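Geometric and topological summary
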Amino acid sequence: MADRMSIVLFSGTVDKLLAASILATGAAAMDMDVEIFLTTWGIEAFRKGAYKTNTRVSKDFEEYGSVMRELMAAKKAPTWWENLLGAREIGDVHIAACSMTLELFGLTLNDLESVVDEVTGVATFMERAKDSKVTLFI
Amino acid sequence: MSTQVHADQFIDAKGQMCPMPILTLKKAWKDVAVGQIVAIAATDQGAKRDIPTWAEVMGATVLEMTEEQGVLTFYLQKVA
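Read on for a plain summary of the structure. (Residues numbered from 1 in each chain as written. Chains lettered and ligands numbered in written order. Predicted model: local features only at pLDDT ≥ 70, side-chain atom pairs only at ≥ 80, totals over all residues.)

**Observations regarding the overall build of chain A**
Along its length, chain A carries seven helices and five strands. From first element to last, N terminus to C terminus, chain A shows the α and β order β-α-β-α-α-α-α-β-α-β-α-β. For chain A, the C-alpha radius of gyration of 15 Å lies close to 14 Å, the compact-globule estimate for 138 residues. Summarising its shape, the C-alpha atoms of chain A cover approximately 40 × 35 × 25 Å along the three principal directions. Pairs at least 24 residues apart make up 76% of the contacts formed inside chain A by residues separated by at least 6 positions. (Helix = DSSP H or I, 4+ residues; strand = E, 2+ residues; numbered from the N terminus. Rg over C-alpha atoms; globule rule 2.2 N^0.38 Å. Contact = placed C-beta atoms within 7 Å.)

**So, the overall build of chain B**
Counting secondary structure elements, chain B contains two helices and four strands. The N-to-C order of helical and strand elements in chain B reads β-α-β-α-β-β. In terms of overall dimensions, chain B is globule-like: its C-alpha atoms have a radius of gyration of 11 Å, near the 12 Å expected for 80 residues. Along the first, second and third principal axes, the C-alpha atoms of chain B reach 30 × 25 × 20 Å. Here chain B holds 80 residues, and the buried ones make up 31% of them. The long-range share in chain B, meaning contacts at least 24 apart out of those at least 6 apart in sequence, stands at 63%. (Buried ≥ 20, exposed ≤ 12 C-beta atoms within 10 Å, placed from the backbone.)

**Focus on the interface of chain B and chain A**
Each side of the interface is counted separately: chain B has eleven residues, and chain A has 13 residues. For the side of chain B that touches chain A, the secondary structure elements donating two or more residues are α1 (20–29) and α2 (47–58) of chain B. Here the side of chain B that touches chain A gets five residues from one element, more than from any other, and that element is α1 of chain B. Of the residues assigned to the side of chain B that touches chain A, the class counts are nine nonpolar, no polar and two charged. (Nonpolar A, V, L, I, M, F, W, Y, C, P; charged D, E, K, R; others polar.)

**So, the nonpolar core**
The biggest cluster of nonpolar side chains holds 56 residues, and the ones touching the most others in it are Ala24, Ala28, Val34, Ile36 and Leu38 of chain A together with Ile40 of chain B. For this core, the leading source of residues is helix α1 (residues 14–29) of chain A, giving ten residues. Not counting residues up to four positions away in its chain, the partners in contact with Ala28 of chain A are Val34, Ala87, Ile90, Gly91 and Val93 of chain A. (Core = buried A, V, L, I, M, F, W, Y, C linked by C-beta atoms within 7 Å.)

**Some remarks on the packing of helix α5 (residues 80–90) of chain A against α1 of chain B**
One way to put it is that α5 of chain A packs onto α1 of chain B with a least axis distance of 10 Å and a crossing angle of 25 degrees. Considering the angle they form, α5 of chain A stands roughly parallel to α1 of chain B. For the pair α5 of chain A and α1 of chain B, the crossing hand works out as left-handed. Along its contact with α5 of chain A, which presents Gly86, Glu89 and Ile90 of chain A, the element α1 of chain B presents Leu23, Lys26 and Lys27 of chain B. The class makeup of the residues in the contact of α5 of chain A with α1 of chain B is two nonpolar, one polar and three charged. (Axes fitted to C-alpha atoms, helices over the stretch in contact; angles between N-to-C directions. Parallel < 35°, antiparallel > 145°, perpendicular 65-115°, else oblique. Left-handed = near helix turned anticlockwise from the far one by under 90°.)

**Brief notes about the pairing of strand β2 (residues 33–38) of chain A**
Residue and element names in this part refer to chain A. β2 sits mainly inside the fold: five of its six residues count as buried. Of the strand pairs in this sheet, strand β1 (residues 4–9) and β2 are connected by six bridges, and their pairing is parallel. Considered in β2, the bridge of Val8 is made with Phe37. Note on the crossover from β1 through α1 to β2: the handedness is right-handed. As judged from the five bridges shared by β2 and strand β3 (residues 93–98), these two strands associate in the parallel manner. Its bridge partner being in β3, Phe37 is matched across the sheet by Ala96. (Pairing = 2+ DSSP bridges. Right-handed = clockwise from strand over helix to strand, strands pointing away.)

**Some remarks on α2 of chain B**
Under the 1.5 Å per step criterion, the end-to-end length of α2 of chain B is 15 Å for twelve residues, consistent within 8% with the ideal 16 Å. Within α2 of chain B, the full set of buried residues consists of Ala47, Ile51, Trp54 and Ala55 of chain B. Viewed along the axis of α2 of chain B, the buried residues span an arc of 100 degrees, placing them on a single side of the element. Counted as exposed and oriented over 90 degrees from the buried face of α2 of chain B: Arg49 and Glu56 of chain B. In the core, the buried residues of α2 of chain B are packed alongside α1 of chain A together with α1, β2 (37–42), β3 (60–68) and β4 (71–78) of chain B. (Expected span 1.5 Å × (residues − 1). Arc of directions from axis to C-beta.)

Honestly, that's just the spatial picture; any functional story needs more than this.
Here is the structure:
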């Protein structure tokens, strides 16, 4: 069985989404399975079309947000969304959405981008995370 | 620096930032036959360590690495 990396993706800001997407790509490139559990603001980032308009960055560094965007465009750095699609193309990247957050926000799987595979609760994530070689909360 | 190694495929990953060089490499790798050699040129500062590490994990042999004006070129052979 392939090694696995599990990520709880709690954040919805592009700086943290970028970090998560790069880690997912790296793991997939090294033949690791990737399990991503979207919860809270992570759900918000995966609402249909949200990746096109999301420019939020972490509050602590929000004054650098526009500079970061300009640098990424100038240096043609792939966006977190492009990285994620790339990771799914090369590897087994499974994305689950937190049922509790969906309920809270009044959403269903249909409101999220099609890269999200299913809706699960915390138990399913734990079952998949417990044997992971790498587990992260982002 | 010139090389004597003949590559069956050349990947130009110059200008690509992490994680694109290994993403590009992994995409290409599935169509590489055992015994074939892939050359990849990269300018990402992390590539010097990342590409040999990727090769080790994936069971590829680094036959040669050249460095010329900030461009690293690795010659990787698929062994399994």
